[in-house]
Amino acid sequence: SRSIGDLYGIILLPASATGKDIEDARKLLIDRGAADGTTASSYQAAWYLRSEIKEFKSVNMTGVTNVESAWNSSGLISFDTPLPSAAIAKFAFYNCTQLSDFRTTDIKNGTDFTGCWQLCSSLQSFPAGAKLGTSAQSVNFSQAWQSSGLTSFSTPLPTATTLINSFRQCNSLISFDLDEIPLATNCQTAWALDPALESFSTKLPKCGFFNAAWYNCSALTDFSADVFSEWNPSSIESLGVFNNAWDGCVNLTAQSVENILVSIDASGKYATSDGDAYANGVNTQLADAGIDIDYDGTTLSAATNAAIRSLDTKGWEVYINGEIRTGVEL
């Protein structure tokens, strides 16, 4: 359809058309195409690879439910079109490497944001007031901002359940300023490989899978007790709930190690599928009950050692700087 539109534009132009005439006609066709097509419900890959599109605004997309890959790898620099009905936004702005100004705050019915802003390397900030899936349930944010240029993040994610790779390799993400992600159940590799993140305090009360969640966050110093202060997941992942969770976090303080272990222990959760004490036929013991933590090597507190002993009685295995600490005299 794009080729047909281009040819139609050529037919309309006189032989004497100047370069400016051609450019004006091209822009008109692009604008007209965007404006005239808003009765459709799906714009899957509509502007995929359109490197000439720099802005997209003032377009009524009220009835659009699918924007999967719509602007994928386009030349967008700014975007401020509301998408109030969009449910599927998978890879919508993927690899828009020039996108630095994203102002849209109404994507409240989104259920799947997989890879939506992934590889948007110029995107340093995101609207704090954006409504991302706030009117939906069980919203998927896998890879949503992976390898983007974010330096901070404070947009509420009240209905997010899946955060796999959401902020992975955001190399400039220094601050993550959410008080809570209340319904997240899967945080596998969510903040992994971020060399800039210095502190983390977001509550994750329902998450039962933290495999490599903060893996190799080498600048991470302060990890708050608040993260697990209300930890009460309905199910716990058997194959490595805390596997590699803090591996490579070589600058974590001894206080942060205390915060992690004391708060997990205080939750009362056992190393079983439902967190309750093991009962044959009711629940299962975790195949990998390891809690993996690297830190700066300074002296651990008595409270930390007490928590390690208590966690041992609940079936957990604590590994600190690669050495098992449960089942040994502390």
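Calculation rules
Residues numbered from 1 in each chain as written. Predicted model: local features only at pLDDT ≥ 70, side-chain atom pairs only at ≥ 80, totals over all residues. Heavy atoms only, no water. Helix = DSSP H or I, 4+ residues; strand = E, 2+ residues; numbered from the N terminus. Buried < 20%, exposed > 50% of the residue type's maximum accessible area, 1.4 Å probe, protein only. Contact = heavy atoms within 4.5 Å. Areas by Shrake-Rupley, 256 points an atom, 1.4 Å probe, with all protein chains shown as cover. pLDDT = per-residue confidence, 0-100. Polar contact = N/O pair within 3.5 Å; in protein donor to acceptor, adjacent residues only side chain to side chain. Core = buried A, V, L, I, M, F, W, Y, C linked by side-chain atoms within 4.5 Å. Expected span 1.5 Å × (residues − 1). Arc of directions from axis to C-beta. Disulfide = S-S within 2.5 Å. Pairing = 2+ DSSP bridges. Axes fitted to C-alpha atoms, helices over the stretch in contact; angles between N-to-C directions. Salt bridge = Lys/Arg side-chain N within 4 Å of Asp/Glu carboxyl O. Left-handed = near helix turned anticlockwise from the far one by under 90°.

Along the backbone of the protein chain there are 4 helices and 15 strands. By the burial criterion, 47% of the 330 residues in the protein chain qualify as buried. Relative to all contacts within the protein chain whose residues are 6 or more apart in sequence, the contacts with residues 24 or more apart total 54%. Just so you have it, the protein chain exposes about 14300 Å², and 48% of that area is on carbon and sulfur atoms.

A few words now on the confidence of the model for the protein chain. Predicted confidence across the protein chain gives a mean pLDDT of 91, with 88% of residues reaching 70 or more. Under a pLDDT of 50 for its full length, residues 1–11 has, in the predicted model, 4 contacts with residues more than four places off or in other chains.

Note on placement: serine 148 falls in the loop between strand E6 (139–140) and strand E7 (152–153). A relative accessible area of 5% means that serine 148 is categorised as buried. Looking at serine 148, its side chain comes within polar contact range of the main-chain oxygen of tryptophan 145, at 2.8 Å. In contact with serine 148, other than residues within four places in its own chain, are Trp117, Leu119, Cys120, Ser121, Cys170 and Asn171.

Of all hydrophobic cores here, the largest spans 87 residues; its most connected members are Trp71, Phe93, Trp117, Trp191, Trp214 and Trp246. Where this core is concerned, the elements lending two or more residues are strand E12 (242–246), helix H3 (254–266), strand E13 (290–293), helix H4 (302–313) and strand E14 (317–320). Not counting chain neighbours up to four residues away, the residues in contact with phenylalanine 93 comprise Trp71, Leu76, Phe79, Leu99, Phe102, Cys116, Trp117, Gln118 and Cys120.

This next bit is on H4. Each α-helix turn comprises 3.6 residues. Residues three or four places apart therefore point the same way. Compared with the 16 Å implied by 1.5 Å per residue over 12 residues, the 17 Å span of H4 between its first and last C-alpha is a close match. Looking only at H4, the buried set comprises Thr304, Asn305, Ala307, Ile308 and Leu311. The buried side chains of H4 occupy one side of the element, clustering within an arc of 160 degrees when seen end-on. When the buried face of H4 is taken as reference, the exposed residues oriented beyond 90 degrees from it are Ala302 and Thr313. Turning to H4, the residues buried within the fold contact H3, E13 and E14. Just past H4, the residue glycine 315 takes up positive phi, approximately 95 degrees.

Before going further, it helps to spend a moment on the state of the cysteines. In this structure the tally under the stated criterion is 0 disulfides. As a non-bridged cysteine, cysteine 207 has cysteine 187 as the owner of its nearest cysteine sulfur, 3.5 Å distant. Judged by its relative accessible area of 0%, cysteine 207 is buried. Left unpaired, cysteine 217 is separated from the closest cysteine sulfur, that of cysteine 249, by 5.3 Å. We classify cysteine 217 as buried; its relative accessible area is 0%.

What follows concerns the sheet that holds E14. Across a sheet, paired strands are connected by hydrogen bonds in the backbone, their directions being either parallel or antiparallel. Reading across the sheet, the 4 strands line up as E12-E13-E14-E15 and stay open at both edges, with mixed pairing between neighbours. Single-partner strands in this sheet number two, and they are E12 and strand E15 (323–324). Summarising the sheet, E13 and E14 pair through 4 bridges and their orientation is parallel. Opposite isoleucine 291, over in E14, you have valine 318 as the bridge partner. Sheet strands touched by H3: E12, E13 and E14. Its angle to E13, the strand with the most contacts, is close to 165 degrees.

Let us now look at the pattern of salt bridges. The final tally for this structure, using the stated rule, is 5 salt bridges. Among the salt bridges present, the one from arginine 50 reaches glutamate 52, with a minimum N-O distance of 2.6 Å. You can call glutamate 52 partly exposed: its relative accessible area is 22%. We note a salt bridge from lysine 108 to aspartate 106, for which the minimum N-O separation is 3.1 Å.

For the rest of this paragraph, the subject is the sheet that holds strand E1 (residues 55–56). The strand order E1-E2-E3 describes an open sheet built from 3 strands, whose pairing is parallel. Looking along the sheet, the strands with just one partner apiece sit at the ends: E1 and strand E3 (101–102). In this structure, strand E2 (residues 78–79) lies alongside E3, joined through 2 bridges in parallel fashion. Among the inter-strand pairings, phenylalanine 79 is bridged to a residue of E3, identified as phenylalanine 102.

Close contact between H3 and H4 brings their axes to 9 Å; oriented N to C, the two are set at 35 degrees. Once H3 is placed against H4, the crossing between them reads as left-handed. Within the contact between the two elements, H3 uses Ala254, Val257, Glu258, Leu261, Val262, Ile264 and Asp265 and H4 uses Ala303, Thr304, Ala307, Ile308, Ser310 and Leu311.

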